[in-house]
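# Report on the structure
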Amino acid sequence: MDIPQVRHGFADVGDVRVFYRETGPADGVPVLLLHGFPSASHQYRRLMDALGGRHRLIAPDYPGFGHTETPDGFTYTFDRLADVIEGFVTELGLSRFVLYAFDFGGPVGFRLATRHPAWIAGLIVQNANAYEEGLSEQARETIQAPAEALGPLFTLPVTRGQYEGGAEDPALVAPDGWTLDQHFLDLPGRKEAQLALALDYRSNVALYPRWQAWLREHRPPALIVWGRHDPFFPEPGAHAYLRDLPDAELHVLDTGHFALEEKLPEIAPLIAGFLDRHAGLRIAVIGGTGNLGGAVAREAARRGHQVSVLSSADVDVRDPEAIRAAVSGHDAVVAAVKGADKLVPAAAAALIEARVGRLVFVGGGGSLLGPDGRRFVDAPDFPGQYRQTALDQAEALDILRRDGSDVDWSYASPPPVHLVPGERTGGYRAVAQEEPVVDEHGESRCSVGDFASAVVDALESGAFVRQRFTVAGTTRA
C-alpha cells in the first residue's frame, strides 16, 4: 500500500506564522492547494492521502483561518491574504507550481497568477468563480449586504449547509469538515476577520476582467471541476472559463460547493491524470551529454520536467527531418551543440527548418558588445583558440534573427569570459540586451549552474521569445 506521510509545520512570513501541510516527493512540480471559506488546509486531507504518493502537494492556511497565527491589528483583505501566500511561496522556494483554486482560493490564487505569471505551471479550478455569470442571486445579495446582515453567515447551520447543500448523497459528506470549520470560526477574533473579508469580496468581482485577461494571455493548462448544485457559484461559472481557456478540460458533477467531500473518488483520478500530462514540460536537450547541455538537463529534471537527453548518436543536428523525429512529442527544445565544420550555424538553420516550436539555443558570449561597441570576438585580444567557435555562435544568432520567424526561439549568451564551474546559487540576472550583465563589481561572471537555471527559467516563463538574453551573477560566483 502506498500511503504517503503528511508533514505539518509553520513558515514565517513577516509577523504571520503560516501553518501548512505537505506531502509527496520533494522533486517534481508541486501543487499549491488553496482552500475556501470557511475552511482551511484540512479540507484537502483526503486528497493528499489519495495523490501524495506520486505528487507533491502543499496546502497552507490563510490568515484568519485554521492554525495560521496572525498579529493583533492584521488587516483582513484579499490583497493581504495574497501578500501572505505570496510570501509563503517565496519562503518555501517554490518557483513553479500547479495552482488548485477552490472558492476563496480563486481570489487569492488569481492575484498570485497576475503578479507572477511564471509561477503557474497549470491551473485546477474547483468551484472558484471568476465570471459574472458564475454568481448566483444569493451570492450577489451576500456580496452587497451590509455588515449587520452578515452575522448568520458564520453560524453552524450555514457552515454545515455549505457542505451538505447540493450533495447527491449527504451520507457521503463527513461531519468532521464543518465541525472543525466551526471550531475555528468560534475562536476569538475569527468572526471579525471573516466579516472583514466578506465585506471585501466585492473587490474580487471588480478584478474579474483582469483575471480573465490573464487567462486569455497566458492560456495555462487547466482542469475545471465543478459541483453543479453549488448555491453560490452555479454551473454557468464553470462553462465561462472556456471562453478564455478553450482547451481546458471541464467536468461538471452532481454535487455541491464542497465537491471533494462527496466526489473524491471521481475527482482524484481527474487531477492525477491532469498532473501526469501537464505538471512538467517535456524538454529535449540536444547536446545534453555536454557541459552546458548537461547542466540544463539536470536543472530541468530537478524542477520536475520530463527531460530527454539527446547526443550526436541520437540525432543529426544538420538534418531537419532527424531533428523533427527526435523531438516529436516534446514541448520545448534546448540546443547546446558545438563542433567543427560550421556545425553550430548548420544546427541553427536545421532547427528552424524543423519548426521545433519552442527553442532555447545555447550560444556564446563572444558576440556580445563591449564598451567600445565592438563584439568581443572582434577584439584583438580575444583568445585565438576560441575565435572560430565564437564566430560560429555569432552566425547562428544571425540565422535565428533572420530566418526564425516560425520558431519561438531564444538565444542564451553566457558572460563573454567568466562562465565558471559551479552549482546554482540563485543570485543571477537574465536580461534581453546586447551587452554583458555585470555584477556590483562591474564584472560579468556566472556559474554554470546559474546559467542553466536561467535557461530553464526562460522555458518555464516563455520569456525572451525571438530575443537574445544574457546572464550574469549578482554576486561573486
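The structure we're discussing is the one just above.
Below or above, wherever it landed, is the structure these notes cover.

Basis of the calculations
Residues numbered from 1 in each chain as written. Predicted model: local features only at pLDDT ≥ 70, side-chain atom pairs only at ≥ 80, totals over all residues. Heavy atoms only, no water. Buried < 20%, exposed > 50% of the residue type's maximum accessible area, 1.4 Å probe, protein only. Helix = DSSP H or I, 4+ residues; strand = E, 2+ residues; numbered from the N terminus. Pairing = 2+ DSSP bridges. Right-handed = clockwise from strand over helix to strand, strands pointing away. Axes fitted to C-alpha atoms, helices over the stretch in contact; angles between N-to-C directions. Contact = heavy atoms within 4.5 Å. Parallel < 35°, antiparallel > 145°, perpendicular 65-115°, else oblique. Left-handed = near helix turned anticlockwise from the far one by under 90°. Core = buried A, V, L, I, M, F, W, Y, C linked by side-chain atoms within 4.5 Å. Phe/Tyr/Trp six-rings, centres within 6.5 Å; stacked < 30°, edge-to-face > 60°. Expected span 1.5 Å × (residues − 1).

Across the 7 residues that make up strand β6 (residues 120–126), a large majority, 7, are buried. The pairing of strand β5 (residues 97–102) with β6 spans 6 bridges and is classified as parallel. Note that in β6 the partner of valine 98 across the bridge is glycine 122. What joins β5 to β6 is helix α3 (residues 105–115), and the crossover it makes is right-handed.

A separate point is the sheet that holds strand β10 (residues 306–310). On the basis of which strands lie adjacent, the open sheet formed by 7 strands has the order β10-β9-β11-β12-β13-β17-β15 and mixed pairing. Edge positions in the sheet fall to β10 and β15 (428–431), since each has one partner strand and no second. Direction aside, the axes of adjacent strands within the sheet are offset by 20° on average. The strands that helix α12 (residues 291–302) touches are β9 (282–286), β10, β11 (332–335) and β12 (358–362); relative to β10, the one it contacts most, it runs at about 160°.

With that settled, consider the packing of α3 against helix α9 (residues 208–218). One way to put it is that α3 packs onto α9 with a least axis distance of 10 Å and a crossing angle of 55°. As judged from the angle between their axes, α3 and α9 are oblique. Considering how the two elements wind past one another, α3 and α9 form a crossing that is left-handed. Contact with α3, carried on its side by Pro107, Phe110, Arg111, Ala113 and Thr114, involves Arg210, Trp211, Trp214 and Leu215 of α9 and no other residues of that element.

A separate point is the nonpolar core. Counting residues in each nonpolar core, the largest one holds 65 residues, and the members touching the most others are Leu32, Phe88 and Tyr241. Ignoring any residue separated from it by four or fewer positions in sequence, one finds tyrosine 241 in contact with Phe110, Val125, Ala128, Asn129, Ala130, Tyr131, Leu215, Ile224 and Trp226. Tyr44, Ala59, Ala268 and Phe274 belong to the second largest nonpolar core, which has 32 residues in total.

Taken as a whole, this structure holds 21 aromatic pairs when the rule is applied. Summarising the aromatic geometry, the rings of tryptophan 226 and tyrosine 241 are spaced 6.4 Å apart at their centres and angled 55° between planes, so their arrangement reads as tilted. Residue tryptophan 226 is found in strand β7 (residues 222–227), and its partner tyrosine 241 is found in helix α10 (residues 236–244); the two are separated by 15 residues along the sequence. For the pair tryptophan 226 and tyrosine 241, a shared accessibility class is recorded, and that class is buried.

With 14 residues, helix α16 (residues 448–461) should cover 20 Å at 1.5 Å per step; its first-to-last C-alpha distance of 20 Å lies within 8% of that length. Burial runs high along α16: 12 of the 14 residues are buried.

On to the pairing of strand β2 (residues 16–23), then. The buried fraction of β2 amounts to 7 of the 8 residues, a majority that puts the element mostly inside the structure. The pairing of β2 with strand β4 (residues 57–60) spans 4 bridges and is antiparallel. Directly across from threonine 23, in β4, lies its bridge partner leucine 57.

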